[in-house]
Amino acid sequence: MAAARTIKLKRVVVTGLGVVSPVGIGKDAFLEALIAGRSGVALISRFDTAEFPVKIAAEMRGFDASSFIDKKMARRMDRYAQYGAAAATLALEDSQYPVGEDPTMVGALIGSGVGGLDTFYEQTGVLLDKGPTRVSPFFIPMMIPNMASAMSSVLLGLKGPVNATCTACAAGTNALGDAFSIIQRGDATAMFAGGAEAAVNQVGMAAFAALRALSARNDEPARASRPFDADRDGFVMGEGGGVLVLEELEHALGRNAHVYAEMVGYGMSADAFHLTEPDETGEPAALAMTRALKSGEIDASEVGYVNAHGTSTFLGDLMETRAIKLALGPQAKQVMVSSTKSIFGHCLGAAGGLEAAATVLALETGWVPPTLNLENPDPECDLDYVPLVAREAQVEVAMSNSFGFGGHNAAIVFRRWHG
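Here is what the cut-offs are and how they apply
- Residues numbered from 1 in each chain as written.
- Predicted model: local features only at pLDDT ≥ 70, side-chain atom pairs only at ≥ 80, totals over all residues.
- Heavy atoms only, no water.
- Helix = DSSP H or I, 4+ residues; strand = E, 2+ residues; numbered from the N terminus.
- Rg over C-alpha atoms; globule rule 2.2 N^0.38 Å.
- Buried < 20%, exposed > 50% of the residue type's maximum accessible area, 1.4 Å probe, protein only.
- Contact = heavy atoms within 4.5 Å.
- Areas by Shrake-Rupley, 256 points an atom, 1.4 Å probe, with all protein chains shown as cover.
- Lys, Arg positive; Asp, Glu negative; His and termini not counted.
- Charge placed at Lys NZ, Arg CZ, Asp CG, Glu CD.
- Pairing = 2+ DSSP bridges.
- Core = buried A, V, L, I, M, F, W, Y, C linked by side-chain atoms within 4.5 Å.
- Polar contact = N/O pair within 3.5 Å; in protein donor to acceptor, adjacent residues only side chain to side chain.
- Phe/Tyr/Trp six-rings, centres within 6.5 Å; stacked < 30°, edge-to-face > 60°.
- Expected span 1.5 Å × (residues − 1).
- Salt bridge = Lys/Arg side-chain N within 4 Å of Asp/Glu carboxyl O.
- Axes fitted to C-alpha atoms, helices over the stretch in contact; angles between N-to-C directions.
- Parallel < 35°, antiparallel > 145°, perpendicular 65-115°, else oblique.
- Nonpolar A, V, L, I, M, F, W, Y, C, P; charged D, E, K, R; others polar.

## So, the overall build of the protein chain
In step 1: In terms of regular secondary structure, the protein chain is built from 13 helices and 15 strands.
In step 2: Here the protein chain has a C-alpha radius of gyration of 20 Å; the compact-globule value for 419 residues is 22 Å, and the two agree.
In step 3: Viewed in the frame of its principal axes, the protein chain has a C-alpha envelope of about 65 × 55 × 45 Å.
In step 4: Evaluated residue by residue, the protein chain yields a buried proportion of 61% over its 419 residues.
In step 5: For the protein chain, the share of sequence-separated contacts (at least 6 apart) that also reach a separation of at least 24 residues comes to 79%.
In step 6: Taken as a whole, the protein chain presents about 16,100 Å² of accessible surface, with 54% of it coming from carbon and sulfur.
In step 7: Taking the average location of the 33 positive side-chain charges in the protein chain and that of its 47 negative ones, the two points are 4 Å from each other.

See below:
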C-alpha cells in the first residue's frame, strides 16, 4: 500500500493592491479616505430616483474605463467587469509582478454577487421594447459573473488558474481564500483575487429596497450607514472592485517585491438556515472564523483587529457581534472591530476585496479605519468598534469577515509583515 503523500503548504503574501471604490480610485486615495473617515454615500446621480423609496448609494464617480481597458473591449464588458479588470490592472501596476516570466503560473479569481446587472436590465428593456431579434449578441458574455476574472486574464495575459466565485456578499472573500489555497498547494505562483460589483442601477436599487434591506435615510446620506448603532435601518448600496495580488513568498522575496502582509488563514461555513436572514446565534459564522484561525495556526489571543462584515442591518450586526465573541472568547472585548461599509457602502460581491485591502493597509500603516456614524451604540453590540475616527494602533494579526445571502460565511486572516 502506497504511503500517503505529505504536501508542504507554501506561504502566501500580498504584493499588490488594486482599488476602484466610491471613495477613491487607487490604493492611496482609498487609504486617505479610510483614515479621514470620508463617506462616499450621497444622493444617486445615475438615474431619476423620484419613484424610488431609497435615493442614496455609494456610487462610483470619476471612473473612466478607457484609462484601463481598450475602448472596444470596454464596450463589451458590463460595468462590474470593468471595475474588476481595472482593479486587477492597478494591482499589477502596484505589484510589478512579472507575468511574462511564466503566465501559466499566474491566475485570476474575482468574485461577484450578481454579475452584469446593468446588462441584464438594459437588454431586458430591449427585448420588451424592440423584440428578441434586437437583443445584443454580447448580452450573455457581458452578464455572466465570471467575466471580471476572464477579462482580467485576457487583459493581463494570465494563463494559470482562472475562476470565479458567486456566493453573494461573501464572493470576494471566498475568491481570496480560494486563490490563497491554490498558491498554497503549488498550482500557481501568483493570483489576482478579490471582487467586483456594479448594482447601483434601477433594478438593483428597486430589488434590494423591496427586500427592506436598505437604509431609507435619504435626507442624511453620509449618516445612513451606521453599523452596530441602535438607530441602524439597513445597508447602503455600494459598488466597485478590489483586487489583491497574492504571491508565493519565496517568489516574492526572490524578486525583492514589496510585501504588504502575509495571508495566513481561510475558513468558511454555511448557516443552513434561511434564504436571506442570518442564523442569529452566530455559531455558523463563528465556525468560519475559528476555521480561518486554525488553518493559519493562529491563537485567538493574537488577533488585534477584525474588519467586520458590519452591514448596518439589525440582525446582521447583532449576529456578527455574537459570532466574534464565540470565535475569540474572552479576547473579543480587547479586539478592535470596525465596519468600513460605513465609509464606502456595501459593495456586495466586491465587499470582500475592498475590505481585505482595508485590512492589509491597517496592518501596514498602523491606522485602523473607523466605524462612521456609531453615535448611539446598540447595548447588544458591545465590542470596541473604533467609533467615528480612525485609531493609530500597531496590529499583528487581523481578520476580515464576509457573510452572504443563503448563509455563506467566509473569513480570512492576515499577519503583519516584518520582513
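## Description of the pairing of strand 5 (residues 106–111)
In step 1: Counting buried positions over the six residues of strand 5 gives six, a clear majority of the element.
In step 2: Here strand 5 shows no split at all, with Val-106, Ala-108 and Ile-110 on one side and Gly-107, Leu-109 and Gly-111 on the other all buried.
In step 3: Here strand 5 runs beside strand 7 (residues 190–197); their pairing, made up of six bridges, is parallel. Its bridge partner being in strand 7, Gly-111 is matched across the sheet by Gly-195.
In step 4: Both strand 5 and strand 6 (residues 162–163) contribute to a ladder of two bridges, which runs parallel. Across the sheet, residue Leu-109 finds its bridge partner in strand 6, namely Asn-163.

## Thoughts on the nonpolar core
In step 1: Among the nonpolar cores identified, the biggest contains 47 residues, and Phe-30, Leu-244, Leu-246 and Phe-414 are the most heavily contacted of them.
In step 2: Here this core takes eight residues from helix 13 (residues 351–365), the largest share from any one element.
In step 3: Leaving out residues up to four positions away in the same chain, Leu-246 has contacts with Val-12, Val-13, Val-14, Leu-176, Ala-179, Phe-180, Ile-183, Thr-189, Ala-190, Met-191, Ala-193 and Met-263.
In step 4: Counting residues in each nonpolar core, the second largest holds 35 residues, with Ala-86, Ala-87, Leu-90 and Val-245 among its members.

## A few points about the side chain of Thr-371
In step 1: Structurally, Thr-371 is set in the loop between strand 12 (367–368) and strand 13 (391–392).
In step 2: Of the residues examined, Thr-371 reaches a relative accessible area of 0% and is grouped as buried.
In step 3: Here the side chain of Thr-371 touches Tyr-385 through a polar contact of 2.7 Å, landing on its backbone oxygen.
In step 4: Aside from chain neighbours lying at most four places away, what touches Thr-371 is Pro-227, Val-337, Ser-338, Ser-339, Ser-342, Tyr-385, Val-386, Pro-387 and Leu-388.

## With respect to the packing of aromatic side chains
In step 1: Counting across every chain of the model gives eight aromatic pairs.
In step 2: Considering the side-chain rings of Phe-120 and Phe-139, the 6.3 Å spacing of their centres and the 55° angle between planes classify their relative orientation as tilted. Highlighted residues: Phe-120 in helix 4 (residues 117–130) and Phe-139 in helix 5 (residues 139–143), separated in sequence by 19 residues.
In step 3: Since its relative accessible area comes to 40%, Phe-120 is described here as partly exposed.
In step 4: The class of Phe-139 is buried, set by a relative accessible area of 16%.

## Here we look at helix 11 (residues 314–328)
In step 1: Helix length check: helix 11 (15 residues) gives 22 Å between terminal C-alpha atoms against 21 Å at 1.5 Å per residue, within 8%.
In step 2: Among the residues of helix 11, Gly-316, Asp-317, Leu-318, Met-319, Glu-320, Thr-321, Ala-323, Ile-324, Ala-327 and Leu-328 are the ones counted as buried.
In step 3: The inward-facing, buried residues of helix 11 contact helix 10 (283–295), strand 10 (303–307), strand 11 (336–338) and strand 14 (397–404).
In step 4: Directly beyond the C-terminal end of helix 11, a positive phi value near 65° is found at Gly-329.

## Description of the pattern of salt bridges
In step 1: With the rule as written, the count across this model stands at 23 salt bridges.
In step 2: In this structure, the salt-bridge partner of Arg-226 is Asp-229, at a minimum N-O distance of 3.4 Å.
In step 3: Residue Asp-229 is classed as buried on the basis of its relative accessible area of 0%.
In step 4: Here Lys-325 ties to Asp-382 by a salt bridge, and the two come within 2.6 Å at their closest N and O atoms. Here Lys-325 is found in helix 11, whereas its partner Asp-382 is found in the loop between strand 12 and strand 13, with 57 residues between them in sequence.

## Quick look at the environment of Leu-275
In step 1: Summarising the element assignment, Leu-275 is placed in the loop between strand 9 (261–270) and helix 10.
In step 2: Accessibility expressed as a relative area gives 70% for Leu-275, which makes it exposed.
In step 3: For Leu-275 and His-346, which are 71 residues apart along the polypeptide, the C-alpha to C-alpha distance reads 19 Å.

## Comments concerning helix 6 (residues 147–156)
In step 1: Most of helix 6 is tucked away: eight of the 10 residues are buried.
In step 2: Turning to helix 6, its buried residues are Met-147, Ala-148, Ser-149, Ala-150, Met-151, Ser-152, Ser-153 and Leu-156.
In step 3: In this structure, the buried side of helix 6 is in contact with helix 2 (71–75), helix 3 (79–95), strand 5, helix 5, strand 6 and strand 7.
In step 4: In the stretch just after helix 6, Gly-157 is the one whose phi turns positive, near 75°.

## Thoughts on the pairing of strand 7
In step 1: Summarising burial for strand 7: eight of the eight residues are buried, a large majority.
In step 2: Going residue by residue along strand 7, you find Ala-190, Phe-192, Gly-194 and Ala-196 tucked away on one face and Met-191, Ala-193, Gly-195 and Glu-197 tucked away on the opposite face as well.
In step 3: Note that strand 7 and strand 8 (residues 240–248) share eight bridges and pair antiparallel. Considered in strand 8, the bridge of Ala-190 is made with Glu-247.

## A short note on the packing of helix 1 (residues 27–36) against helix 13
In a packed pair of helices, the relevant descriptors are the angle between the two axes and the axis-to-axis distance.
In step 1: The N-to-C vectors of helix 1 and helix 13 enclose an angle of 75°; their axes lie 11 Å apart at closest approach. Classified by the angle their axes make, helix 1 and helix 13 are roughly perpendicular. Mapping the contact onto sequence places Lys-27, Phe-30, Leu-31 and Leu-34 in helix 1 and Leu-354, Ala-357, Ala-358, Leu-361 and Thr-365 in helix 13.
In step 2: Split into classes, the residues belonging to the contact of helix 1 with helix 13 amount to seven nonpolar, one polar and one charged.

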